[in-house]
Amino acid sequence: MSWGVADIPDQTGRTAVVTGANGGLGLETARALAGAGASVVIAARNQERARDAEERIRAGAPDADLRIVELDLGSLESVKSAAEEIVADHDSIDLLVNNAGVMGIPERRTADGFEMQLGVDHLGHFALTARLLPALLAAPGSRVVTVTSSAHHLGRAVDPANPNLDGRYGPWRAYNQAKLANFHFALGLHRLLGEAGKPTASLSAHPGLSNTELQAVSVEETGGGLSQRFFLMLARSIGMSPAEGALSQLRAATDPGARSGEFYGPLYVGNGPPVRKPVLRRLGLGRAVDRLWEVSERETGLELRP
């Protein structure tokens, strides 16, 4: 059965935090949630683009309840400041969409010395979730949705001895590792919440092949790498629109029938309506999640335990 924005239940009275909501999938997620009545926090690094995103959302929903919070996931200090600003305004948070990310870029480090793709895509979100968790636990029926990619199937679990791939870096090796970390994070958080008897749900989603600026930025960052140009061409020729690509994470975030631990993506792998997908690669899953938590808590200095 097809599922679209019209199927989102009324979100009036609910607060949603969306990272990377200044463009692409994040913007479309924020737009849809605001259109359904949610109070939406646009958490983004580029403030000019965030203000532009706010204007674009208000163009279709003049009464939208929007707030911009500066968030650089490549800086643990910025994550701390953003989380403090969010909880100062909101006693409870109903929805956190860990959407922002970078893809297939040259080797680079975050402000805290982490490999950039792992640092932004996973560690920054790990830290943000840890700092917002009390507010999430305070909201009945709250959810955390972490956006991964079908590339997680190609990734290797984070090695505690070398999480930053020192001496082994490759743009796609790092991206695949980061996206698998996203997948493992969502499942690990689901497990911990369940063990603690907490009602907050943790789900994951992937957008399939979507024509967002992510591919174009990847080409620009690598100076036009062959594989990066290939994926850009593919996305522009057969990829879904950002609005279509965002449907998987929106379904995970709002479908009353969605359950903690579930994974959503397009029906036809890279395209199609959003559906629940099987959780594969279960062999060794528990150990991989434990190792991810070990690395994440060690590197961020934060404990994420409900």
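Here is what the cut-offs are and how they apply
- Residues numbered from 1 in each chain as written.
- Predicted model: local features only at pLDDT ≥ 70, side-chain atom pairs only at ≥ 80, totals over all residues.
- Heavy atoms only, no water.
- 1 Å grid on protein atoms, 1.4 Å probe; cavity = no way out; pocket = protein on both sides within 12 Å on 5 of 7 lines; lining within 4 Å.
- Points joined across faces, edges and corners; volume = space filled by probe spheres on them.
- Helix = DSSP H or I, 4+ residues; strand = E, 2+ residues; numbered from the N terminus.
- Nonpolar A, V, L, I, M, F, W, Y, C, P; charged D, E, K, R; others polar.
- Pairing = 2+ DSSP bridges.
- Axes fitted to C-alpha atoms, helices over the stretch in contact; angles between N-to-C directions.
- Contact = heavy atoms within 4.5 Å.
- Parallel < 35°, antiparallel > 145°, perpendicular 65-115°, else oblique.
- Left-handed = near helix turned anticlockwise from the far one by under 90°.
- Buried < 20%, exposed > 50% of the residue type's maximum accessible area, 1.4 Å probe, protein only.
- Right-handed = clockwise from strand over helix to strand, strands pointing away.
- Salt bridge = Lys/Arg side-chain N within 4 Å of Asp/Glu carboxyl O.

Enquirer: What is the right way to read the layout of surface pockets from this model?
Expert: Over the atoms a probe the size of a water molecule is rolled, and this reveals where empty space is left. Volume-wise, the second largest pocket comes out at about 230 Å³. Lining the second largest pocket we find 13 residues, and of these Arg156, Ala157, Leu165, Arg168 and Gln177 sit closest to its centre. Among the elements that line the lining of the second largest pocket, the one with the most residues is helix H5 (residues 171-195), at 3 residues. Its residues assigned to classes, the lining of the second largest pocket comprises 4 nonpolar, 4 polar and 5 charged.

Enquirer: So what exactly am I meant to see when it comes to the sheet that holds strand E2 (residues 39-44) here?
Expert: Spatially, E3-E2-E1-E4-E5-E6-E7-E8 is the arrangement adopted by the 8 strands of the open sheet, whose pairing is mixed. Each having just a single partner strand, strand E3 (65-70) and strand E8 (274-277) make up the two edges of the open sheet. For this sheet, the mean angle separating the axes of adjacent strands, direction not counted, is 20 degrees. Pairing analysis gives 4 bridges linking strand E7 (residues 263-266) to E8, with the strands arranged antiparallel. Among the inter-strand pairings, Gly265 is bridged to a residue of E8, identified as Val275. Lying on the sheet, helix H9 (residues 247-254) is in contact with strand E4 (95-98), strand E5 (143-147), strand E6 (201-205), E7 and E8; it crosses E5 at an angle near 160 degrees.

Enquirer: Would you mind going over the packing of helix H4 (residues 116-137) against H5 with me for this structure?
Expert: Angle between the axes and distance between the axes are the two parameters that describe a pair of packed helices. Their axes nearest at 8 Å, the elements H4 and H5 cross at an angle of 20 degrees. Taken together, the axis directions place H4 and H5 in an arrangement best described as roughly parallel. Seen along the crossing, H4 lies across H5 with a hand that is right-handed. Here H4 contributes Gln117, Leu118, Asp121, His122, Phe126, Thr129 and Leu137 to the contact with H5, which in turn contributes Pro171, Ala174, Tyr175, Gln177, Ala178, Lys179, Ala181, Asn182, Phe185, Leu189 and Leu193.

Enquirer: How should I be thinking about the pairing of E6 in this particular structure?
Expert: A regular strand carries its side chains on alternate faces of the sheet. Where burial is concerned, most of E6 is hidden: 5 out of the 5 residues are buried. Burial along E6 is two-sided: Ala201, Leu203 and Ala205 and Ser202 and Ser204, pointing in opposite directions, are all buried. By the bridge criterion, 5 bridges tie E5 to E6 in an arrangement that is parallel. Within E6, the residue paired with Arg143 across the bridge is Ala201. Note on the crossover from E5 through H5 to E6: the handedness is right-handed. Across 2 bridges, the pairing between E6 and E7 is parallel. Within the sheet, the bridge partner assigned to Ser204 lies in E7 and is Phe263.

Enquirer: What is the right way to read the pattern of salt bridges from this model?
Expert: Oppositely charged side chains may form a pair once their charged atoms are brought near each other. Following the criterion strictly, the structure yields 16 salt bridges and no others. Here Arg56 makes a salt bridge to Asp52, at a shortest N to O gap of 3.9 Å. Residue Arg56 and its partner Asp52 are both found in helix H2 (residues 47-60); the two are separated by 4 residues, about one turn of the helix. Residue Arg56 is classed as partly exposed on the basis of its relative accessible area, which comes to 40%. Judged by relative accessible area, Asp52 falls into the partly exposed class, the value being 37%. Across the salt bridge formed by Glu54 and Arg58, the nearest N and O atoms sit 3.1 Å from each other.

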